[in-house]
Amino acid sequence: MIMNSREFDGSRREGKCLNFLKRRRKLLFCLALFLQLVILTGLVIPRLSLADTGQEVVFNTVPFDPRDIFRGDYVTMRYKFSEVPVQGSFKRGERVYVVLRKGAGKTSDWSAVRMTRSLPELGTGEIVLKGEYEWYNSSSKVSYVHYGLEKVYVEEGRGRKLSNRDSLRVVVAVDKDGNALIKQVNFKDRELYLFKLI
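Here goes a summary of the coordinates provided. (Residues numbered from 1 in each chain as written. Predicted model: local features only at pLDDT ≥ 70, side-chain atom pairs only at ≥ 80, totals over all residues. Heavy atoms only, no water.)

This model, assessed by the stated rule, comprises four salt bridges. Arginine 117 is paired through a salt bridge with glutamate 94; the nearest N and O atoms lie 2.5 Å apart. Within this pair, whereas arginine 117 is found in the loop between strand 6 (110–116) and strand 7 (126–137), its partner glutamate 94 is found in the loop between strand 4 (83–84) and strand 5 (95–102), the two being separated by 23 residues in sequence. Bridged by salt links that share partners, the residues Arg101, Arg114 and Glu126 form one connected network. (Salt bridge = Lys/Arg side-chain N within 4 Å of Asp/Glu carboxyl O. Helix = DSSP H or I, 4+ residues; strand = E, 2+ residues; numbered from the N terminus.)

Our next topic: the packing of aromatic side chains. On inspection of all chains with the given rule, the structure shows seven aromatic pairs. Aromatic pair phenylalanine 59 and phenylalanine 81: ring centres 4.6 Å apart, planes at 55 degrees, arrangement tilted. Pair noted here: phenylalanine 59 is in strand 1 (residues 55–62) and phenylalanine 81 is in the loop between strand 3 (78–79) and strand 4, with a separation of 22 residues, a long-range link. Between tyrosine 79 and phenylalanine 81, the ring centres sit 5.0 Å apart and the planes meet at 15 degrees, which makes this aromatic pair stacked. The exposure classification of tyrosine 79 matches that of phenylalanine 81, with both residues buried. Three or more aromatic residues link up through ring pairs in this structure, and these residues are Phe59, Tyr79, Phe81, Trp110 and Tyr147. (Phe/Tyr/Trp six-rings, centres within 6.5 Å; stacked < 30°, edge-to-face > 60°. Buried < 20%, exposed > 50% of the residue type's maximum accessible area, 1.4 Å probe, protein only.)

Here the focus is the pairing of strand 12 (residues 190–194). Relative to strand 12, strand 11 (residues 180–187) is paired through four bridges, and the arrangement is antiparallel. The residue bridging valine 185 from the neighbouring strand is tyrosine 193, located in strand 12. In sequence, strand 11 turns back onto strand 12 through a hairpin of two residues, with lysine 188 there showing a positive phi of about 55 degrees. (Pairing = 2+ DSSP bridges.)

So, about the nonpolar core. In this structure, Phe59 and Ile182 are the most contacted members of the largest nonpolar core, which totals 34 residues. Within the residue set of this core, elements represented by two or more residues are strand 1, strand 5, strand 6, strand 7, strand 10 (169–174), strand 11 and strand 12. At four residues, the largest contribution of residues to this core is made by strand 11. Ignoring any residue separated from it by four or fewer positions in sequence, one finds isoleucine 182 in contact with Met77, Tyr79, Leu149, Lys151, Val152, Val170, Val171, Val172, Tyr193 and Phe195. (Core = buried A, V, L, I, M, F, W, Y, C linked by side-chain atoms within 4.5 Å. Contact = heavy atoms within 4.5 Å.)

In this section: the pairing of strand 7. Two elements, strand 5 and strand 7, share seven bridges in a ladder whose sense is antiparallel. Bridging across to strand 7, valine 96 finds its partner in glycine 131. In this structure, strand 7 lies alongside strand 8 (residues 142–146), joined through five bridges in antiparallel fashion. Directly across from tyrosine 133, in strand 8, lies its bridge partner valine 145. Between strand 7 and strand 8, which pair antiparallel and follow one another directly, the connecting turn spans four residues, one of which, lysine 141, has a positive phi of 60 degrees.

Within a sheet, adjacent strands bond to each other through the backbone by hydrogen bonds, running parallel or antiparallel. Read across the sheet, five strands follow the order 4-8-7-5-6 without closing on themselves; strand pairing throughout is antiparallel. The open sheet terminates on both sides in strands that have one partner only, identified here as strand 4 and strand 6.

With the exception of glycine, the majority of residues adopt a negative phi angle, and the majority of peptide bonds are in the trans configuration. A positive phi angle is found at lysine 141, which is not glycine, with a value near 60 degrees. Residue placement: lysine 141 occurs in the loop between strand 7 and strand 8. With phi around 55 degrees, lysine 188 is a residue other than glycine that occupies positive phi space. Overall, the relative accessible area of 68% leaves lysine 188 in the exposed class.

Purely geometric stuff here, so don't read any function into it on its own.
Printed below as a string of structure tokens:
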């Protein structure tokens, strides 16, 4: 069968179009792969940097409600500094900065000193945590703040024997901007959680 010139030109154009579409599909695939890599790197690098360079601080949890301790494979914790003795016109969900100061003595814990809307100046022996304002309790005259340090994943069955009288030792990395990351959670001499990237 002999092709005339019109049919030959049409098949050449069709071939070029198919090649263009194949190249474009490859380019889009590579671009999507690159964007996923950039997003994953953007999520991982800040956490690794914080875990590596952040100031290590040890917090003790206050007793927690045993009915809420486990939701799936999570341990729920509450800190003394989650209750900030501050009244103000903060809105639920608003970003706040809470300044903490460690009490005198080796066994004393950190307590909230003040809460602001912007990154505050720190005095000697103070650190700042970035959190989210929850609500104000007018009867106890405290504001409640959520820091993102209240839950950690533990291996199945490792925390089931904890009660509301048990205090956990939580090692946290904190940077100068108030970002915080749980590095380790211990119950007495038993490790419940250790930060790992994977």
